[in-house]
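Residue-level structural notes
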Amino acid sequence: MCGIVGYIGENNCVPVLINGLKRLEYRGYDSAGIGILIDNHPLVIKNKGKVSELQSKIEKLKLSSPIGIGHTRWATHGEPNEINAHPHCNGDKSLFLIHNGIIENFETLKKGLQQLGYTFLSETDSEVLVHLIDSFLKRGNNLFKSVRMALTEVEGTYGIAVVYEGEPDKIVAARKGSPLVIGIGDNEHFIASDVSAIIAHTSQVVYLDDGELVEVYKDHFCAKTIADADIEKEVFEITTTLEEIDRGGYPHFMLKEIIEQPESVFNSMRGRILLEQGTAKLGGLELVADRLANSKRIIISACGTSWHAALVGEYMFEQFARIPTEVEYASEFRYRNPIVGSEDAIFFISQSGETADTLAALKEAKNRGALSLGICNVVGSTIARESQAGVYIHAGPEIGVASTKAFTSQLVVLALITLLIARKKTMSLVDGKNIALELEKIPEKIKQILKLNEHIENIAEEFKNATNFLYLGRGYNFPVALEGALKLKEISYIHAEGYPAAEMKHGPIALIDKNMPAIFIAPKDSTYDKIISNIQEVKARKGRIIAVASESDDTIDKLVDYTIKIPDTIRMLMPILSVIPLQLLAYHIAVKKGLNVDQPRNLAKSVTVE
Ligand code: F6R
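Definitions and cut-offs
- Residues numbered from 1 in each chain as written.
- Predicted model: local features only at pLDDT ≥ 70, side-chain atom pairs only at ≥ 80, totals over all residues.
- Heavy atoms only, no water.
- Phe/Tyr/Trp six-rings, centres within 6.5 Å; stacked < 30°, edge-to-face > 60°.
- Lys NZ or Arg CZ within 6 Å of the ring centre and 35° of its normal.
- Pairing = 2+ DSSP bridges.
- Helix = DSSP H or I, 4+ residues; strand = E, 2+ residues; numbered from the N terminus.
- Contact = heavy atoms within 4.5 Å.
- Axes fitted to C-alpha atoms, helices over the stretch in contact; angles between N-to-C directions.
- Domains from an automatic or database assignment.
- 1 Å grid on protein atoms, 1.4 Å probe; cavity = no way out; pocket = protein on both sides within 12 Å on 5 of 7 lines; lining within 4 Å.
- Points joined across faces, edges and corners; volume = space filled by probe spheres on them.
- Nonpolar A, V, L, I, M, F, W, Y, C, P; charged D, E, K, R; others polar.

1. Some points on the packing of aromatic side chains
Per the counting criterion, the structure on display carries nine aromatic pairs. Ring geometry for F469 versus Y471: centroids 6.3 Å apart, planes at 40 degrees, classification tilted. Counting every residue linked through ring pairs, the aromatic cluster contains F463, F469, Y471 and Y562. Above the plane of the ring of F120 lies K110, whose end atom (NZ or CZ) is 5.1 Å from the centre. Over the aromatic face of F136 sits the side chain of R139, whose NZ or CZ is 4.4 Å from the ring centroid.

2. Points about the sheet that holds strand 11 (residues 204-207)
Strand order in the open sheet formed by eight strands is 3-2-4-1-10-9-11-15, with antiparallel pairing between adjacent strands. Looking at strand neighbours, the two that pair on one side only are strand 3 (41-48) and strand 15 (236-237), the edges of this open sheet. Where strand 11 and strand 15 come together, two bridges link them in antiparallel fashion. By the bridge assignment, V205 is partnered in strand 15 with F236. Along the sheet, helix 1 (residues 13-24) makes contact with strand 1 (3-8), strand 2 (31-38), strand 4 (67-73) and strand 10 (189-192), crossing strand 1 at roughly 160 degrees. The strands that helix 2 (residues 51-59) touches are strand 2, strand 3 and strand 4; relative to strand 3, the one it contacts most, it runs at about 135 degrees.

3. Considerations on the domain arrangement of the chain
The domain architecture assigned to the chain consists of domain 1 (3-238), domain 2 (248-448) and domain 3 (451-598). Computed from C-alpha atoms alone, the centre-to-centre distance between domain 1 and domain 3 is 45 Å.

4. With respect to the layout of surface pockets
When its volume is computed, the largest pocket comes out at roughly 870 Å³. As for the largest pocket, its lining consists of 44 residues, of which T240, N377, V378, V379 and P397 are closest to the centre. Where the lining of the largest pocket is concerned, the elements lending two or more residues are strand 15, helix 7 (261-269) and helix 12 (382-386). Top element by residues in the lining of the largest pocket is helix 7. It accounts for three residues. Residue classes in the lining of the largest pocket are distributed as 15 nonpolar, 15 polar and 14 charged.

So, in structure tokens, the structure goes:
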């Protein structure tokens, strides 16, 4: 949600900023801007729309500067336009700033600054920060102190970077609730909200923590807390490669990420399955595995697609580990004074590891003494670092806004955790081995499903003009119905709802007619006969039906309009397979409608605001 990139060094910052913004565009894409110093004089250029439009504007100017910051915006306060785009400047344009996050007390701060004579140009909360910092500069403080003092007055979240013509040898950056990383190069330093923006230049990074500020020079940096205490920061080596974050010849990141799933789920399980012992080895949980297995209750908290993965996890944990499990939206958990304590283990699932609600729920759980565990994709992300222990899903960078490969990898990791704790409890070696064996077969089975891409594209052609869809599944496939509906909504803007299939007759059946396609996830499992009855009910009302069914099922074809046949597996792993046709269907429908699947309207990849 919004992206930040900055550079200070001996080279020209302009291409670094533009390329960084392009990498970050998946985080917010309604406007963008850069601010640089040319011969120590600030120059700010902003644009509504895509980074490519900003790039054309800038390239004509043939600019060169050794210091600058850039921002790509996802609007929170004020519509997307040039004025509201970042950087924001102070009155005499000597100071400019970029900001991710939300300043909650901006109205109060704004009134105070207006009384001091400050005028505001934009509708953003962010502009308050630049004037507030200016007010401290005007009182004779240096830039670092002015930023630090300004931030003590701010309520809300921020990742900021500030440049001042009076101190042209540094960028000051700070973080609270919005990620920020410093990249270390050879006589150059980078700042970014996400390592993807700087990965082309360095693999040495330092993650800022909440309440930390940093003064970044070309050849060194100094970090302090907001209370002015010096801090030593650890340098990390990042392993993500440029190829991993490139589109690699695919028309969209979403398609690339769907197609990558045989490898991404393999990476999630690589080295973690102990076949002979019928269990899993998860280094990140080793120290807490016994406490986890003995916990009285498990809660899984997350948002969006990760919340759907959590629902599948609930089924797995209860079926095999026999530990009562609840799933809760992070946004609800954090505000409802939950009854949790040291006997509970709480998993927080987040692809980005930066989702504001999930992070806040994690902090709440930690404060209450629960064992707080992260399941994240982005290595070094805040949720991963704030958790007491956890597991990375290792799906690789997910750039498409609609989550696909992270979901299937989350399910793999949940299955591994199930194995780990269930084997410590009552699961037999034979059952453990069976699950482990089936897990190992999943990547090949995904490859088989991906061969149906063209068939699914044809179905998409048939249904692309429908205005409503119903997704129905039972048991483990109920969360898949929710996820299929979410994928379609997000990128095609078609209204879709997911339901447990049996719930249909308690209301949604009223919607069924010849214009309402229903998608059944109906593999041959213990609920198969029941779901066939639900299919009959839709058919009797002339609804059009697409079924995701088992390849061994040759009776279902007669009942439905289209079938997508997938390989069989054990029930707990079926969602990893059954979701893939739904990802492809949503993708093809959106492409056929001419929509931007990687950057759907109003969405952003990582939701770092409440
Ligand atoms: C859906 C999607 C979102 C995210 C949600 C949580 O395709 O991407 O619903 O799943 O915003 O994000 P993370 O997993 O990063 O916490």
